[in-house]
Amino acid sequence: MLKFFKNLWYREGGYKELLTTAAPLILSTASWSVLQFTDRVFLTWYSPDAVAASMPAGIVNFTLTCLFFGTASYVGTFVAQYYGACEYHKIGKSLWQGIYIAIIGSAIVFMLGFTAEPFFRVVGHDPAVQKLEVIYFRILCFGSLGPIASSVFSGFYSGRGENWPVMWISFISAGVNIVLDYLLIFGRFGFPEMGVAGAAIATVSAGFTPLVIYGFLVFGKEYNARYKTVSNYKFDSELFARILKFGLPSGIHMFIEVAGFSGFLLIVGRLGTTELAATNIAFNINTVAFMPMIGIGIAISMLTGQNIGKNSAAMAERVIWSGFHICFFYMSIIALTYFFLPGIYIFPFAANADHAGFVKIKEFTIVLLKFVAIYSIFDTLNLVFASAIKGAGDTRFVMMMGLFLSLFLLIIPSYIAVVIMGKGLYIAWMIASIYISLLGFSYLTRFLTGRWKSMKVIEHIPVIPVNCPDVPYIDL
């Protein structure tokens, strides 16, 4: 048994290789989840209306942003496959096409910020919550360039397997957000007390922090000499179109999934502020535990892309199964704590909250965490196998399946159950749990067909020696 485990750990594409690649990404995504967790905790301490408003407004903003975020960040897959194929001079060109997508996308999201008031009026939440939703949403829309463009630069690093800078920059960004949250939400050390507006400003400031740091690093002489990160700035219509061809379905997939949960939150919000606040807290607790696995998902996607670029689908498959084993084991342990130790997750929210107002929220949240425990096991399938086939280029299937299941298993059933039939919070969460579970199985089934093995997002490149000398293949 020990020999078998050692083989899984040390072999090429095994646990050690994947975790070595994923470690900084795990820490990076973990820092983001701590950031979001702290943000919601501070807002819970500030007022129930504030935390009730922040999640719907924040996730609606992310729904709009992630369409362009997912498209632009798919540059990382191009970087991975060009890197695996040793086409280094095309990496800088890919980077710039992603930057152009980010600029266009952020301009569109900026304009959508002006639609906040009529949109949330139609949603129909409590007037006090609605007012805060408009403020939070509008500020986040005005600052969307930072996170969208930063995702392109992080793809430049993660696509090449250089993940430690991504981690450190994420840590700095999280630190900026947490400090500004404390100062601006509560009005400490001479700063004005801004509540929800302060939380939004802190988030936007933290979003631009990585963009500034990445700019100094990526456009340096060393990277320009090797990858043409400065000199290949010109718009390339053919490459731009190719990135859109594969990246846009990936962005639409993200948009659909997040839009589905946005719709779910907006529907749950009709049940009342207490139910909405409990749902927000349960989702945030889930995020804290789940986000580290996003780092493994990114590593799986990038290693799959690199191996596909090397024409080594068998090694890519080994990496994917290694990722599944690790994620499944980790999430099973977390699920047990949701069932038997929910108090350790709820305590930070309750610490400085109004006791009388939080009692009912706590009761709801404890039950909701049991739903989270069940569906999170199946969400592992979603994370691992969707990341895998997207890393190979199978983005259209992911998009279409996400659209179909989100519409017919989440949004429509939730609306019928809550709005038309008047069912309660737990029925809504049962529907969400079924949706997540079936979505994971759909991606597993697609992966097992093996169609992803013959896909590639980059143009056909002649096979070159494995050691990849740092010269163009045409010279070889």
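Summarised in this report is the structure supplied together with it. (Residues numbered from 1 in each chain as written. Predicted model: local features only at pLDDT ≥ 70, side-chain atom pairs only at ≥ 80, totals over all residues. Heavy atoms only, no water.)

Considerations on the overall build of the protein
Right, so step 1: Assigned secondary structure in the protein consists of 18 helices and zero strands.
Right, so step 2: When the backbone C-alpha atoms are referred to their principal axes, the protein occupies close to 75 × 55 × 40 Å.
Right, so step 3: Classification of the 476 residues of the protein by burial places 57% in the buried group.
Right, so step 4: Sequence-distant contacts, at least 24 apart, represent 84% of the contacts inside the protein between residues at least 6 apart.
Right, so step 5: Looking at the protein as shown, the accessible area adds up to about 19600 Å², and 70% of this sits on carbon and sulfur atoms.
Right, so step 6: For the protein, the distance from the average position of its 31 positive side-chain charges to the average position of its 24 negative side-chain charges is 6 Å. (Helix = DSSP H or I, 4+ residues; strand = E, 2+ residues; numbered from the N terminus. Buried < 20%, exposed > 50% of the residue type's maximum accessible area, 1.4 Å probe, protein only. Contact = heavy atoms within 4.5 Å. Areas by Shrake-Rupley, 256 points an atom, 1.4 Å probe, with all protein chains shown as cover. Lys, Arg positive; Asp, Glu negative; His and termini not counted. Charge placed at Lys NZ, Arg CZ, Asp CG, Glu CD.)

A few points about the environment of Arg 138
Right, so step 1: As for its placement among the helices and strands, Arg 138 is situated in helix H7 (residues 127-142).
Right, so step 2: Among the residues examined, Arg 138 registers a relative accessible area of 26% and is labelled partly exposed.
Right, so step 3: When the C-alpha positions of Arg 138 and Gly 251 are compared, they lie 22 Å apart, and in sequence the two are 113 residues distant.
Right, so step 4: Apart from residues no more than four positions distant in its own chain, Arg 138 is found in contact with Gly 113, Phe 114, Ala 116 and Glu 117.

With respect to the side chain of Thr 380
Right, so step 1: For Thr 380, the location among the structural elements is in helix H16 (residues 355-392).
Right, so step 2: Overall, Thr 380 belongs to the buried group, its relative accessible area being 1%.
Right, so step 3: Look past the residues within four positions of Thr 380 in its chain and what remains in contact with it is Met 293, Phe 324, Cys 327, Phe 328 and Met 331.

Some details on the environment of Ala 57
Right, so step 1: Within the element layout of this structure, Ala 57 appears in helix H3 (residues 48-73).
Right, so step 2: On the basis of relative accessibility, which here comes to 0%, the residue Ala 57 falls in the buried class.
Right, so step 3: Distance in space between the C-alpha atoms of Ala 57 and Ser 262 is 8.8 Å, their sequence separation being 205 residues.
Right, so step 4: Beyond its immediate chain neighbours, meaning those up to four positions away, Ala 57 contacts Phe 120, Glu 133, Tyr 136 and Phe 137.

A short note on helix H9 (residues 164-186)
Right, so step 1: Look at H9: 33 Å from first C-alpha to last across 23 residues, which is about the 33 Å you get at 1.5 Å a residue.
Right, so step 2: Regarding H9, the residues found buried are Val 166, Met 167, Ile 169, Ser 170, Ser 173, Ala 174, Asn 177, Asp 181, Leu 183, Leu 184, Ile 185 and Phe 186.
Right, so step 3: A positive backbone phi angle near 75° is found at Gly 187, which sits one or two residues after H9. (Expected span 1.5 Å × (residues − 1).)

Quick word on the nonpolar core
Right, so step 1: Membership of the largest hydrophobic core comes to 139 residues, with the highest contact counts inside it found for Ile 285, Tyr 338, Phe 385 and Trp 429.
Right, so step 2: With near-sequence residues (within four places) excluded, Ile 285 lies in contact with Phe 37, Tyr 338, Tyr 345, Ile 346, Phe 349, Thr 365 and Leu 369. (Core = buried A, V, L, I, M, F, W, Y, C linked by side-chain atoms within 4.5 Å.)

As for a nonpolar patch on the surface
Right, so step 1: The grouping of Phe 404, Leu 407, Phe 408, Ile 412, Tyr 415, Ile 416, Val 419, Ile 420 and Met 421 at the surface amounts to a nonpolar patch, some 830 Å² of accessible area in total.
Right, so step 2: For Ile 416, the location among the structural elements is in helix H17 (residues 395-420). (Patch = residues over 30% accessible without salt bridge, like charges linked within 9 Å, V, L, I, M, F, W, Y side chains within 5 Å. Salt bridge = Lys/Arg side-chain N within 4 Å of Asp/Glu carboxyl O.)

Functional significance is not addressed by these values, which are geometric in nature.
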